[in-house]
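# Working through the structure, step by step
These are the residues of each chain, in order.
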Amino acid sequence: ADKTFYMTYCVFGPPLPLNNKTNPLGILCGDAGVGIATTQTPHIPSSWVRHGYNCHNGTHDNCGKSAAMLIRESGPHYMFFGIPSIAVSTSRDLLHWTLSNGSWMQPHGAAQEMWIEAGSPPQRLSDGNYIMTYNSADINLWCVPYSCT
C-alpha cells in the first residue's frame with residue numbers, strides 16, 4: 001500500500017486590494033494560496049517535496065490560506081479551500097486538481113460572516129456521512145491595528 005503523506009500549506013504574495021465583498025476592511029493578508037507537499041517519511045523535514053501552488057485553478061475567484069483534503073481509498077478525492085467562500089476541487093492523483101464548484105459554501109449573512117474558509121479535513125462518521133468544520137471572520141469583531149478606523 002502507498003504510504004505517502006500529503007500536507008497542504010499556505011503560500012502568499014502581494015497584499016489584497018480593498019474590496020467591499022472580499023476584503024471590506026483592507027486587511028493586508030496577501031494573495032494567499034494553497035500548496036501541496038508529499039513525503040513517505042514525515043519525520044524527516046528534508047524529505048518533503050513541494051508540488052507547488054494549487055489555488056486558483058485558472059481563476060482569481062477562490063483563494064485562501066487553508067484547505068482540507070478528503071482522501072478516499074480510490075478517487076475522486078476532494079479539496080475544500082477558498083476565501084471568502086469555500087470552493088471544491090477534485091483529483092484522481094492528489095496532485096492535479098480541477099475546480100468543480102467555485103462557491104460550494106458561502107458566508108452566512110445572518111451570522112455576519114465576512115468570510116469563511118476550510119477547517120479540519122472531513123471525517124467519516126459511522127453511518128457513512130462526513131462531518132466537516134470551517135472557520136469564519138465576524139465582520140463586527142474582526143479588528144487588527146492596521147485595519148481599524
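Reading the values: the criteria
- The residue numbering used here restarts from 1 in each chain and proceeds along that chain's sequence as written.
- For a predicted model such as this one, the threshold for reporting local features is a pLDDT of at least 70, and the threshold for listing and counting side-chain atom pairs is 80 or more; totals across whole chains, interfaces and linings nevertheless cover every residue.
- Only heavy atoms go into the side-chain values, all of them from the structure, while hydrogens and water stay out.
- Stacked, tilted and edge-to-face are the three classes applied to pairs of Phe, Tyr and Trp rings, where Trp contributes its six-membered ring and a pair requires centres within 6.5 Å; stacked means planes under 30 degrees apart, edge-to-face means over 60, and tilted covers the rest.
- In this text, helices come from DSSP runs of H or I with a minimum length of four residues, and strands from runs of E with a minimum of two, each type numbered from the N-terminal end.
- Partly exposed describes any residue whose relative accessible area lies between the buried limit of under 20% and the exposed limit of over 50%, with all areas from a 1.4 Å probe on protein chains only and scaled to the type maximum.
- The criterion is that NZ of a Lys, or CZ of an Arg, lies within 6 Å of the ring centre and within 35 degrees of the ring normal, and then a charge sits over that ring.
- The criterion is simple. A nonpolar core is a set of buried Ala, Val, Leu, Ile, Met, Phe, Trp, Tyr and Cys residues joined through side-chain atoms within 4.5 Å.
- Paired strands are those between which DSSP finds at least two bridges.
- Contact criterion: two residues are considered in contact whenever any of their non-hydrogen atoms come within 4.5 Å of each other.
- In protein, a polar contact requires one atom able to donate a hydrogen and another able to accept it; more generally it is a pair of N or O atoms within 3.5 Å, and residues adjacent in sequence count only if both atoms are side-chain atoms.
- Each residue carries a pLDDT value, the predictor's own confidence for that position, ranging from 0 to 100.

For the coordinates displayed, the defined rule picks out 1 aromatic pair. Between Phe80 and Trp104, the ring centres sit 5.0 Å apart and the planes meet at 50°, which makes this aromatic pair tilted. Of this pair, Phe80 sits in strand 5 (residues 77-83) while Trp104 sits in strand 7 (residues 98-105), and the two are 24 residues apart along the sequence. Residue Trp104 is classed as partly exposed on the basis of its relative accessible area, which comes to 41%. Positioned above the aromatic ring of Tyr9 is the side chain of Arg50, whose terminal nitrogen or guanidinium carbon lies 5.1 Å from the ring centre.

What follows deals with the nonpolar core. Counting residues in each nonpolar core, the largest one holds 9 residues, listed as Val34, Ile36, Ala67, Met69, Met79, Phe81, Ala87, Leu94 and Trp97. Put simply, the parts of the chain that give this core at least two residues each are strand 2 (33-39), strand 4 (63-70) and strand 5. Among the nonpolar cores identified, the runner-up in size contains 7 residues, and Leu70, Ile86, Ile116 and Ala118 belong to it.

Glancing now at unusual backbone geometry. With an omega dihedral of 10°, the bond running from Gly75 to Pro76 counts as a cis peptide bond. Relative to the helices and strands, Pro76 resides in the loop between strand 4 and strand 5. In this structure, Leu94 takes a positive phi of about 70° despite not being glycine. Structurally, Leu94 can be placed in the loop between strand 6 (86-91) and strand 7.

The next point concerns the pairing of strand 7. Where strand 6 lies against strand 7, 4 bridges are found, and the strand directions are antiparallel. Its bridge partner lying in strand 7, Val88 is registered against Asn101.

Further remarks concern the environment of Gln40. Considering the arrangement of structural elements, one finds Gln40 in the loop between strand 2 and strand 3 (49-53). Linking Gln40 and Asp2, residues 38 residues apart in sequence, is a C-alpha distance of 8.6 Å. Setting aside chain neighbours within four positions, we find Gln40 in contact with Asp2, Lys3, Thr4 and Phe5. A distance of 3.4 Å separates the side chain of Gln40 from the side chain of Thr4, its partner in a polar contact.

Turning to the confidence of the model for the protein chain, a few remarks are in order. The predicted model of the protein chain averages 79 in pLDDT, with 71% of residues at 70 or higher. Taken element by element, the protein chain is modelled with least confidence in strand 3, mean pLDDT 81, and with most confidence in strand 10 (residues 130-131), mean pLDDT 95. Scored below 50 in pLDDT, residues 145-149 makes 5 contacts in the model with residues more than four places away or belonging to other chains.

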